[in-house]
Every structure is written in C-alpha cells, then in structure tokens.
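Given next are the chains, with one letter for each unit.
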Amino acid sequence: SQMYPSDFLTSVSVDELSEHLCGRSRPGHFRGVATVVAKLFNAVGPARAYFGQKDAQQVRIIQQMVADLAVPVKIEVLPIVRERDGLALSSRNAYLSAAERADAPVLFQALEEARQLIRAGVRSSARIARRMRALIDARPCARIDYVSLVDPRTLRPVARIMRPVLISLAVFFGRTRLIDNCVVTP
C-alpha cells in the first residue's frame, strides 16, 4: 500500500529495450520492474545497486533508466552463479520435476556450444541459433520461448557477429520458464 497506493498512476518505461527478448513474452513486465526500482532508488538513495547478469535484459533496462533519468547510482553487474552442471541458480529451479531438472542444463550446454562456434570463427547468428535450438529441442522436457543473439547495448538482433554479442535464451521445462545468457567477444 505504501509503494502502490490506490491512486497511483505513474510508471517508468524504457520502451525500446523492453520490446525484445523476454519483453515479447511478458508485456508490461519491465515497466513494472523499472517503476519499482526507480521508486526504490528514490526512497533509499543508494550509491551502488547490484544486479545479476542472469537477468541481462533487466540489467540493461536499469542501466538505461539510471542514465536517462540521471539517477546518481552506480549499477554493478554480478556474474551468474551456477550449479555444478552449469544450470544458473534461480528460485524457479525448485519448481522443476526430476526429469525437467535433468534436462535443464541444456541451457548452459547450448550457450557453451555457441561460445565454441564463435571462437571457431562462425559469425552467422542464424547458424549458431540453429545449433542451439537443435541441442535444446533434443531434450524431451524443453520447449523454447526464444534463442537470440543480440547487441548487448541495444538488444537488437545481429546477423553477423563482429563485436561482442549477448547470447540469451528462455526455455520452458514443463510450466517453469528458465532464462540464461552469456556475452561472447569474437
């Protein structure tokens, strides 16, 4: 009731960055994120705020919001923490069945495959995405929401990888949607 009183009408929107990746599947989600984070920054006035790289799109949106609104806070991005099998830590992992949990490390495997292809000289995003999709589609519990290779700053798709690229994906395992990503420099 204090954060969102009954007469609350204002929201913060970082439009272009919110339209890609997870924004397609979750319309309005990032408006809510930007609004609550802006309110939190306003209430607390932190010098630094820490966000995890696992939510790369959210981090990029917060970075843009802070820059655009001249919010005096430094955004620190922390690396993804992973299980031994590569699965990114997430509270959502607890919702996975045993079979779904067994298939879930394919997210990290697909990202690693993409990293290896880029290091081997492959520059076609479409070719890399096809290989990632094939790996994921081979898992019976997995249903792809998206596999994407984008510019880390604009979050727009790139056809050829000539600079650093954000490789991100969202995959359903049963009803649980998991995300993961990595940034690769050719």
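This structure is a prediction, so every number in the text was calculated from the model and none was measured.

A. View of the environment of Gln 63. Within the secondary structure, Gln 63 is located in helix 4 (residues 56-68). Considered as a pair, Gln 63 and Ile 75 are 12 residues apart in the sequence and their alpha carbons are 6.6 Å apart. In this structure Gln 63 touches Ile 75 and Val 77, once residues within four positions along its chain are discounted.

B. Representation of helix 7 (residues 125-137) in the model. Compared with the 18 Å implied by 1.5 Å per residue over 13 residues, the 18 Å span of helix 7 between its first and last C-alpha is a close match. Burial in helix 7 covers these residues: Ser 125, Ile 128, Ala 129, Met 132 and Ile 136. Around the axis of helix 7, the buried residues are gathered within 95° of arc, so they sit on the same side. In helix 7, the exposed positions that point more than 90 degrees away from the buried face belong to Arg 130 and Asp 137. On its buried face, helix 7 is in contact with helix 6 (106-119), strand 3 (142-150) and strand 4 (165-173).

C. Expanded view of the pairing of strand 1 (residues 48-52). By the alternation rule, side chains of strand 1 split into Ala 49 and Phe 51, which are all buried, and Arg 48, Tyr 50 and Gly 52, of which none is buried. Sheet topology places strand 1 next to strand 2 (residues 74-78); five bridges connect them, and they run parallel. Following the sheet pairing, Ala 49 is matched in strand 2 by Ile 75. What joins strand 1 to strand 2 is helix 4, and the crossover it makes is right-handed.

Definitions and limits used
Residues numbered from 1 in each chain as written. Predicted model: local features only at pLDDT ≥ 70, side-chain atom pairs only at ≥ 80, totals over all residues. Heavy atoms only, no water. Helix = DSSP H or I, 4+ residues; strand = E, 2+ residues; numbered from the N terminus. Contact = heavy atoms within 4.5 Å. Expected span 1.5 Å × (residues − 1). Buried < 20%, exposed > 50% of the residue type's maximum accessible area, 1.4 Å probe, protein only. Arc of directions from axis to C-beta. Pairing = 2+ DSSP bridges. Right-handed = clockwise from strand over helix to strand, strands pointing away.

This is a description of form; function is not addressed.
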